[in-house]
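A structural walkthrough
The residues making up each chain are set out below.
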Amino acid sequence: AVSIQLIQCGKTFANGAQALQPIELAIRPGETVVLLGPSGCGKTTTLRLIAGLEFPDAGGQVLFDGEDVTGLPIEKRGVGMVFQNYALFPNMTVGENIAYGLKIRKIPAAQRLKKIDALLEMVHLQGLGQRRIDQLSGGQKQRVALARALAVEPRVLLLDEPLTALDAKLRETLRADLNQLLRTLGITTIYVTHDQSEAMALGDRVVVMERGKIAQIGTPQDIYYRPVSHFVADFIGTMNRVTGVAGGGQVRFSGGQLPYAVSAAGSQATLMFRPEDVEVVADGMGTANMHGEILSTFFLGDRTRLHVNVGAGQAVVVDTGRSASWQVGQRIALRVPEHALLHFQDEVAA
Ligand code: ADP
Ligand code: MG
């Protein structure tokens, strides 16, 4: 497997739009790296720079295994690509689609057929080689697109939101299959998505992007538990925030006081914490550091999610076990442990 390096890779389009500020990114051999971020943050542009479908602004470099491929077009880079909209040839069969790249490379027919069978099995589409593309479901089409990308044995696999067009249930099945396949193949993979749960499930490492820049690079655990900025904390998962006045090692607000030493005493400070880190405590125990009134309850099967009004127009999300029964309007005592609290200097004052 190959390593990939982006060195000072920026991209400004002809219309003057700066899609990407010069970024640095080092991808290890065989690693699956997910580019994650909101629409328009530069994920596709980054992927296309790696593919050779776009070229970086002057000074930028793309290296594969230390070799400079910056000026090479896509067909010289040995990459396989899968897109959100499949981009299959509609008037060819499944087999013909998969073998397209092999035919161009003048691989003999007998060898092509063998390869098609192996790839169909790999993507769980055994026996469908003769099907027409328009007779396939969305999920099957995406499996064909994946098989086609892998047929030419690329050095690098690039996927741009491949599951986004599929419904939720199918997305989860394909995500699991893809996860297994990528681990088996050990091919260096870059996967683009705006879906944070997909990113967490598939990435060895996740690159969180924000407005043409890299906000954080880390394992899924890093970005979930140790976000480096307000933006990352907010983008990944559900995050609570309460704003209060800092002082005496605490942040006080109408519904409670949370332990946090913010340096500028007397100023406003916002603390963030995850719904699953909030504990419901029995009233009168004295361990609560936040009180409120239940605004709404959501039974989610594996847990119950509460929205709790903690006063002064602030509400927090609390996840509790599935057994308890809660009433809207009920008073509730909560405790957020100190280790679960996050505070960022880049927080914009409310
Ligand atoms: P993402 O994939 O994260 O949604 P893109 O990389 O597609 O984002 O786009 C990043 C920014 O660059 C967007 O503001 C987009 O409008 C702009 N952009 C992308 N491609 C082009 C192009 N060919 N010409 C001009 N602007 C572009
Ligand atoms: Mg995109």
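This is a predicted model, so every value here is computed, not measured.

Parameters at a glance
- Residues numbered from 1 in each chain as written.
- Chains lettered and ligands numbered in written order.
- Predicted model: local features only at pLDDT ≥ 70, side-chain atom pairs only at ≥ 80, totals over all residues.
- Near = placed C-beta within 6 Å.
- Helix = DSSP H or I, 4+ residues; strand = E, 2+ residues; numbered from the N terminus.
- Nonpolar A, V, L, I, M, F, W, Y, C, P; charged D, E, K, R; others polar.
- Pairing = 2+ DSSP bridges.
- Axes fitted to C-alpha atoms, helices over the stretch in contact; angles between N-to-C directions.
- Contact = placed C-beta atoms within 7 Å.
- Buried ≥ 20, exposed ≤ 12 C-beta atoms within 10 Å, placed from the backbone.
- UniProt positions renumbered as here; feature names shortened; annotations may be inferred.
- Domains from an automatic or database assignment.
- Parallel < 35°, antiparallel > 145°, perpendicular 65-115°, else oblique.
- Left-handed = near helix turned anticlockwise from the far one by under 90°.

We now examine the site of ligand 1. As a matter of local geometry, ligand 1 sits amid F13, N15, A17, A19, G37, S39, G40, C41, G42, K43, T44 and T45. Per-element tally for the shell around ligand 1: the top contributor is helix α1 (residues 43-51), with three residues. Considered class by class, the residues forming the shell around ligand 1 number four nonpolar, seven polar and one charged.

This part covers the sheet that holds strand β6 (residues 79-83). With mixed pairing, six strands are arranged side by side in an open sheet as β6-β7-β8-β3-β9-β10. Of all the strands in the sheet, the pair left with one neighbour each is β6 and β10 (213-218). On average, each strand axis in the sheet is tilted by 15° relative to the strand beside it, whichever way the strands run. The pairing of strand β9 (residues 205-210) with β10 spans five bridges and is antiparallel. Bridge pairing links M209 to I214 in β10. Across the sheet, helix α4 (residues 138-151) lies against β6 and β7 (156-160), angled at about 170° from β6, the strand it touches most.

Burial along strand β12 (residues 250-253) is one-sided: the residues V251 and F253 are buried and none of Q250 and R252 is. Counting the residues between successive antiparallel strands, the hairpin from strand β11 (residues 240-247) to β12 contains two residues, one of them, G248, with a positive phi of roughly 60°. Where β12 lies against strand β13 (residues 256-259), four bridges are found, and the strand directions are antiparallel. Each bridged residue has a counterpart across the sheet, and for Q250 the counterpart in β13 is P259.

This next bit is on the UniProt feature "domain: ABC transporter" (unreviewed entry) in the chain. In the numbering used here, UniProt assigns the "domain: ABC transporter" (unreviewed entry) feature to residues 4-236. The span residues 4-236 shows a helical share of 36% and a strand share of 25%, and its end C-alpha atoms are spaced 26 Å apart.

Here we take up unusual backbone geometry. The phi angle at Y86 is positive, at roughly 70°, despite the residue not being glycine. Mapped onto the secondary structure, Y86 falls in the loop between β6 and α2 (94-104). Even without a glycine there, the phi angle at K106 is positive, about 60°. Within the secondary structure, K106 is located in the loop between α2 and α3 (109-122).

The next thing to look at is the sheet that holds strand β5 (residues 67-68). Pairing is antiparallel in the open sheet, where four strands are placed in the order β2-β1-β4-β5. Bordering the open sheet on either side are β2 (18-27) and β5, each of which pairs with just one other strand. Pairing geometry for strand β1 (residues 4-12) and strand β4 (residues 61-64), over four bridges, is antiparallel. The partner of I7 across the bridge, within β4, is Q61. The sheet contacts of α1 involve β1, β2 and β4, and relative to β1 the element is tilted by about 120°.

Buried residues of α2: V94, G95, N97, I98, A99 and L102, and no others. Contact partners of the buried residues in α2: α3 and α4. A positive phi of about 60° marks K106, the residue just after α2.

Within the element layout of this structure, A265 appears in the loop between β13 and β14 (268-273). Take A265: there are 13 C-beta atoms within 10 Å of it, and that puts it in the partly exposed class. Sequence spacing of A265 and I187 is 78 residues, and the spatial spacing of their C-alpha atoms is 52 Å. Apart from the residues within four sequence positions on either side, A265 is in contact with A246 and G247.

Attention now goes to the domain arrangement of the chain. Segmenting the chain into domains produces domain 1 (4-235) and domain 2 (240-340). Here the C-alpha centre of domain 2 lies 40 Å away from the C-alpha centre of domain 1.

In this section: the environment of V62. Looking at the secondary structure, you find V62 in strand β4. The class of V62 is buried, set by 23 C-beta atoms lying within 10 Å. If sequence neighbours within four positions are ignored, V62 has contacts with L6, C9, L49, I50, P56, V69 and T70.

The contact between α3 and α4 brings their axes to 9 Å, and the two run at 130°. With respect to α4, the element α3 is oriented oblique. Along this stretch, α3 crosses α4, giving a crossing that reads as right-handed. Residues K115, L119, L120 and M122 of α3 form the contact with α4, whose participating residues are A147, L150 and A151.

Turning our eyes to something else, we now look at the packing of α2 against α3. When two helices pack together, you describe them by how their axes are tilted relative to each other and by the distance separating the axes. Packing of α2 against α3 brings their axes to within 10 Å, and their N-to-C directions diverge by 125°. Taken together, the axes of α2 and α3 are oblique relative to one another. The crossing of α2 and α3 is right-handed. Across the interface between the two elements, G95, I98, A99, L102 and K103 of α2 pack against R112, K115, I116 and L119 of α3.

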